[in-house]
Amino acid sequence: MNRSKGNPSPAEAREFLDAGFDEKQILAIILAQSVKTISNYSNHIFHTEVDDAFSSRKVEENVS
């Protein structure tokens, strides 16, 4: 999904389904990516502080 920017080929979707996954799991991936994107955008605009429990995993970014 990331490499294809949300537009996998029919062959890639079929390969996923043939591996034993189903369409519900495709939708779950789309939902998870959507929630993560909304979270990232919201945290960026509001400059949300990272909780202390997760501070060791914080990624410092150079913002221009």
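Basis of the calculations
- Here the residue index of a chain counts from 1 through its sequence in written order.
- Local features in a predicted model are, by the rule used here, given only for residues with pLDDT of at least 70; side-chain atom pairs are given and counted only at 80 or more, and totals for whole chains, interfaces and linings are based on all residues.
- As a convention, hydrogens and water are excluded, and side-chain values are obtained from all of the structure's heavy atoms.
- Going along the chain from the N terminus, every DSSP run of H or I of four or more residues is numbered as a helix, and every run of E of two or more is numbered as a strand.
- With the radius of gyration taken over C-alpha atoms, the globule rule is written as 2.2 Å times the number of residues to the power 0.38.
- Relative accessible area decides the class of each residue, using a 1.4 Å probe on protein chains only: under 20% of the type maximum gives buried, over 50% gives exposed, and in between gives partly exposed.
- All accessibility values rest on the Shrake-Rupley procedure with a 1.4 Å probe; residue burial counts only the protein chains present in the view.
- Residues scored as charged are limited to Lys and Arg (positive) and Asp and Glu (negative), so that His and the chain ends carry no count.
- Think of each charge as sitting on NZ of Lys, CZ of Arg, CG of Asp or CD of Glu.
- Between the rings of Phe, Tyr and Trp (Trp by its six-membered ring), a pair exists once the centres lie within 6.5 Å; its type follows the angle of the planes, with under 30 degrees stacked, over 60 edge-to-face, and the other angles tilted.
- Space inside and on the surface of the protein is sampled on a 1 Å grid over the protein atoms alone, with a cavity defined as a set of points where a 1.4 Å probe fits but cannot get out and a pocket as an open set with protein on both sides within 12 Å along at least 5 of 7 lines; lining residues have an atom within 4 Å of a point.
- Grid points are joined across faces, edges and corners, and a volume is the space filled by probe spheres set on the points.
- Residues are grouped as follows: Ala, Val, Leu, Ile, Met, Phe, Trp, Tyr, Cys and Pro are nonpolar; Asp, Glu, Lys and Arg are charged; every other residue, Gly included, is polar.

## Points about the overall build of the protein chain
Working step 1: Across its full length, the protein chain holds two helices and zero strands.
Working step 2: In terms of overall dimensions, the protein chain is more spread out than a globule: its C-alpha atoms have a radius of gyration of 16 Å, far above the 11 Å expected for 64 residues.
Working step 3: On the principal axes, the C-alpha backbone points of the protein chain span a range of 40 × 30 × 20 Å.
Working step 4: A total of 64 residues make up the protein chain; the buried ones form 2% of that total.
Working step 5: Of the roughly 6200 Å² of accessible surface on the protein chain, 55% is carried by carbon and sulfur atoms.
Working step 6: The centroid of the 7 positive side-chain charges in the protein chain is displaced by 3 Å from the centroid of its 10 negative side-chain charges.

## Some details on the packing of aromatic side chains
Working step 1: All told, the structure shown has one aromatic pair when counted by the stated rule.
Working step 2: Residues Phe 16 and Phe 21 carry aromatic rings whose centres are separated by 4.4 Å and whose planes lie at 15 degrees to one another, so their mutual orientation is stacked.

## Side note on unusual backbone geometry
Working step 1: We note that Lys 5 has phi near 55 degrees; this positive angle belongs to a residue other than glycine.
Working step 2: Locating Lys 5 in the fold gives a position in the segment before helix H1 (10-18).
Working step 3: Look at Lys 5 and you get exposed, because its relative accessible area is 78%.
Working step 4: A positive phi angle, close to 50 degrees, is found at His 47, a residue other than glycine.
Working step 5: With respect to the element layout, His 47 can be found in the segment after helix H2 (23-46).
Working step 6: The exposure class assigned to His 47 is exposed, which follows from its relative accessible area of 63%.

## Here we look at the layout of surface pockets
Working step 1: Roughly 660 Å³ of internal volume is contained in the largest pocket.
Working step 2: Lining the largest pocket are 15 residues, and of these His 44, Thr 48, Val 50, Val 59 and Glu 61 sit closest to its centre.
Working step 3: Looking at the lining of the largest pocket residue by residue, the classes come out as three nonpolar, six polar and six charged.
Working step 4: Looking at the second largest pocket, its volume works out to about 250 Å³.
Working step 5: Together, Met 1, Arg 3, Ser 4, Pro 8, Glu 12, Ala 13, Phe 16, Ile 26 and Ile 29 line the second largest pocket.
Working step 6: In terms of residues, the lining of the second largest pocket owes the most to one element, H1, which gives three residues.
Working step 7: A class-by-class count of the residues in the lining of the second largest pocket yields six nonpolar, one polar and two charged.

From the geometry alone we can't say anything about function, so treat these as descriptive.
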